[in-house]
There are 2 protein chains.
Amino acid sequence: MSSKRLYIQEVATRDGFQNEARFVDTDAKIELIDRLSACGYAKIEVTSFTSPKAIPALRDAEAVMQQIARREGVVYTVLVPNLRGAERALSCGVDEVNLVMSVSESHNNANLRMSREQSFDQLRDVIGEVRQTKVAINVSLSTAMGCPMEGDIDQAEVLGWMQRFADLGVHGVTLCDTTGMAYPSLVGALCAAARERFAALELTLHFHNTRGMALANTLTALEAGIDRFDASLGGLGGCPYAPGATGNVCTEELVHMLELDGYDTGVDLAAVLSASALLPGLIGHDVPSQLLKAGRRLDLHSMPRIAADGLPEQRAFSSGA
Amino acid sequence: MSSKRLYIQEVATRDGFQNEARFVDTDAKIELIDRLSACGYAKIEVTSFTSPKAIPALRDAEAVMQQIARREGVVYTVLVPNLRGAERALSCGVDEVNLVMSVSESHNNANLRMSREQSFDQLRDVIGEVRQTKVAINVSLSTAMGCPMEGDIDQAEVLGWMQRFADLGVHGVTLCDTTGMAYPSLVGALCAAARERFAALELTLHFHNTRGMALANTLTALEAGIDRFDASLGGLGGCPYAPGATGNVCTEELVHMLELDGYDTGVDLAAVLSASALLPGLIGHDVPSQLLKAGRRLDLHSMPRIAADGLPEQRAFSSGA
């Protein structure tokens, strides 16, 4: 059994909540994040400093960032789309800003309403400003494993954008499978190439479980040497292109699998499950997490009782073969 | 890219339907199976010849088995728990009987209401009878990767039961992750050991997605040389120990991933998706399949329209990073 150390980054209060119709009260957000801070995550993406008009669900970004109880050893990061967002984030004393653009032109246009080159120009300015501080800079590259409008994305395109940001001195890059288009062999090839070419970058993989492959993709990324993963409590984080589909890879399912496979995730799975159980009350609906329903692998069950007719009350064969 | 041939075996009309509260009409079952026969499966588990009292959902086993239009090249198998079931199955001219017992004593008692030794004695009699015909014999070993009541199952225990059935001359064994307790490293070790020790057996892996790991476990099984997998259309097949949890690994999600990774599954994914779309109408509720909701990886979307305020109608960042 390996005991390799992995780094798990929680994104539910950003990538999850931004998709929710119901506004989660500021106090409830703070309470949840404070609880997550005790779970052993390497990083927590607290919120997004984007326009309150664009994402009303996160219109309380300053209040949340300023009022959470920050814990030693946890990196508190926030999503930042532009210079205005970066200034707001810096004023709250974040540990890291997470800049974002898409490697696909269509998706960048749809999501950010500008061309990739315009985005890059803006982000270069942001990076220039943030590098004058001690705040770390990560760049999230959306649609790095497929664009819902354009389809396949060339690996060379992804590596090219990584290079441009590496040249600007960012400390980390996240490869985002924004709409769950990644598949294992693609992930393996991309991760191996990225890991080899950018050995000095902190590299994160961000999977969505839209088509059920998030944990399989994680396995392949691990084999390619990736040790840092975004995940979302409860599997929050829907995708507007796939109504009803699940969201980000589910934190508790990711940690559960990785622990069973002998990895040291740093994360307290029981504490994460307790936190996940609070989500339906906050957002008003069930969450995609299967583990929350089924329990951990060794959460054992008692023998079914035998009914008067000699058949188990749980129908014989109901769990089949 | 590999183009290794894999063999996909559909179990929805058995492992799926047996768990459904609503009785699916016999004609509807036949129509669905006939449709599945054109999808390229290696094998279809049509029904279960168990007591109609134990599983009323499959009380029409004879009618279904006798009236489906069997297609050359597809193996039609049925679950058989005992000698009476085997006789019923043989009278319908099945290609294969799939016998079942659990490798865990508690689960065998709960599911079959007898000890493992009693089950083995019964199945030995069944095997003796069936071996006088040309009908093939597969044995499904339930709880081979964990028992919901006992927890871990020793690999030696699983291999021991495989040996006892191999010694009786069965042609295949299915290792069943009955309640979704398998995890990748366990799967890899068990499959490698089974593959090495029983090279002459047709070996099938049967995963449930109870804790989200079915596709990850499949990847590891593939690496250990497994080429044959059970799967369930729509992901049907709940587990009584995990109310609300997903069922068997979903056929369309499995085939989608395997195709993307370059395997030849023999299965027509579009035809499978069309068949899966019929399930909610038959069983009266939504199915776990994410792929049915999200569409295939390259089922592309058009650009979101921009609303009057200059924001996309789909909220900016709603698919996040």
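Residues numbered from 1 in each chain as written. Chains lettered and ligands numbered in written order. Predicted model: local features only at pLDDT ≥ 70, side-chain atom pairs only at ≥ 80, totals over all residues. Heavy atoms only, no water.

- Per an unreviewed UniProt entry, chain A goes by Hydroxymethylglutaryl-CoA lyase YngG and derives from Paraburkholderia domus.
- In its Sequence similarities (unreviewed entry) section, the UniProt entry covering chain A states "Belongs to the HMG-CoA lyase family." (UniProt positions renumbered as here; feature names shortened; annotations may be inferred.)

**Considering the pattern of salt bridges**
Residues and elements named next belong to chain B.
- Overall, the coordinates contain 30 salt bridges over all chains when judged by the stated rule.
- Note that Glu117 is salt-bridged to Arg164, the shortest N-O span being 2.9 Å. Of this pair, Glu117 sits in helix α6 (residues 116-130) while Arg164 sits in helix α7 (residues 155-167), placing them 47 residues apart in sequence.
- In this structure Glu117 comes out as partly exposed when scored by relative accessible area, which is 40%. (Salt bridge = Lys/Arg side-chain N within 4 Å of Asp/Glu carboxyl O. Helix = DSSP H or I, 4+ residues; strand = E, 2+ residues; numbered from the N terminus. Buried < 20%, exposed > 50% of the residue type's maximum accessible area, 1.4 Å probe, protein only.)

**Here's the deal with the packing of aromatic side chains**
- Inspection of the entire model under this criterion finds four aromatic pairs over all chains.
- Residues Phe120(A) and Phe165(A) carry aromatic rings whose centres are separated by 5.1 Å and whose planes lie at 65 degrees to one another, so their mutual orientation is edge-to-face. A residue pair is termed long-range when its members are at least 10 positions apart, and Phe120(A) in helix α6 (residues 116-130) and Phe165(A) in helix α7 (residues 155-167) qualify at 45 residues.
- Judged by its relative accessible area of 4%, Phe120(A) is buried.
- One aromatic cluster in this structure is built from Phe120(A), Trp161(A) and Phe165(A).
- One residue, Arg59(B), lies across the ring of Phe23(B), its end atom 3.9 Å from the ring centre. (Phe/Tyr/Trp six-rings, centres within 6.5 Å; stacked < 30°, edge-to-face > 60°. Lys NZ or Arg CZ within 6 Å of the ring centre and 35° of its normal.)

**Quick look at the environment of Val272(B)**
Residues and elements named next belong to chain B.
- For Val272, the location among the structural elements is in helix α11 (residues 269-276).
- On the basis of relative accessibility, which here comes to 0%, the residue Val272 falls in the buried class.
- With 62 residues separating them in the primary sequence, Val272 and Thr210 have C-alpha atoms 22 Å apart.
- In this structure, Val272 is in contact with Cys39, Tyr41, Leu233, Thr251, Glu252 and Val267, ignoring residues within four places of it in sequence. (Contact = heavy atoms within 4.5 Å.)

**Considerations on the nonpolar core**
- Judged by nonpolar contacts, the single largest core of 205 residues is most densely connected at Met162(A), Phe165(A), Leu175(A), Phe165(B) and Leu175(B).
- Look past the residues within four positions of Leu175(A) in its chain and what remains in contact with it is Leu141(A), Ala144(A), Met145(A), Val158(A), Met162(A), Leu190(A), Ala194(A), Leu203(A), Thr204(A), Leu205(A) and His206(A). (Core = buried A, V, L, I, M, F, W, Y, C linked by side-chain atoms within 4.5 Å.)

**Some remarks on helix α10 (residues 251-260) of chain A**
Residue and element names in this part refer to chain A.
- The buried count for α10 comes to nine of ten residues, which makes it a mostly enclosed element.
- All of the buried residues along α10 are Thr251, Glu252, Glu253, Leu254, Val255, His256, Met257, Leu258 and Leu260.
- A positive backbone phi angle near 90 degrees is found at Gly262, which sits one or two residues after α10.

**Quick word on the sheet that holds strand β8 (residues 228-231) of chain A**
Residues and elements named next belong to chain A.
- Strand order around the closed barrel formed by eight strands is β1-β2-β3-β4-β5-β6-β7-β8, with parallel pairing between neighbours. Sheet twist, expressed as the average angle between the axes of neighbouring strands with direction ignored, equals 25 degrees.
- Of the strands in this sheet, β4 (96-102) and β5 (136-142) are in contact with helix α5 (residues 105-112), which crosses β4 at around 120 degrees.
- Packed onto the sheet, α7 meets β4, β5, β6 (172-176) and β7 (202-206) and runs at close to 160 degrees relative to β5. (Pairing = 2+ DSSP bridges. Axes fitted to C-alpha atoms, helices over the stretch in contact; angles between N-to-C directions.)

**Notes on the pairing of strand β7 (residues 202-206) of chain B**
Residue and element names in this part refer to chain B.
- Burial runs high along β7: four of the five residues are buried.
- Bridging between strand β6 (residues 172-176) and β7 involves five bridges; their strand directions are parallel. Pairing of Thr174 across the sheet is with Thr204, part of β7.
- For the handedness criterion, the β-α-β arrangement of β6, helix α8 (residues 184-197) and β7 is classed as right-handed.
- Bridging between β7 and strand β8 (residues 228-231) involves two bridges; their strand directions are parallel. When the bridges of β8 are listed, His206 appears paired with Asp230.
- Note on the crossover from β7 through helix α9 (residues 214-223) to β8: the handedness is right-handed. (Right-handed = clockwise from strand over helix to strand, strands pointing away.)

**Some words on the side chain of Asp177(A)**
All names here are of chain A.
- Tracing the backbone through its elements, the reader meets Asp177 in the loop between β6 and α8 (184-197).
- Reaching out from Asp177, the side chain makes a polar contact with the backbone nitrogen of Ala182 at a distance of 3.0 Å.
- Sequence-distant contacts of Asp177, defined by excluding residues within four places in its chain, comprise Met145, Ala182, His206, Phe207, His208 and Asn217. (Polar contact = N/O pair within 3.5 Å; in protein donor to acceptor, adjacent residues only side chain to side chain.)

**Concerning the sheet that holds strand β3 (residues 75-80) of chain B**
All names here are of chain B.
- Here eight strands make up a closed barrel; going around it, the order is β1-β2-β3-β4-β5-β6-β7-β8 and the pairing parallel. Going across the sheet, the axis of each strand differs from the next one's by a mean of 25 degrees, ignoring polarity.
- Against the sheet, α6 makes contact with β4 (96-102) and β5 (136-142), and its axis sits at roughly 170 degrees relative to β4, the strand it touches most.
- Together, β1 (7-10) and β8 form the strand contacts of helix α10 (residues 251-260), whose direction differs from that of β1 by roughly 170 degrees.

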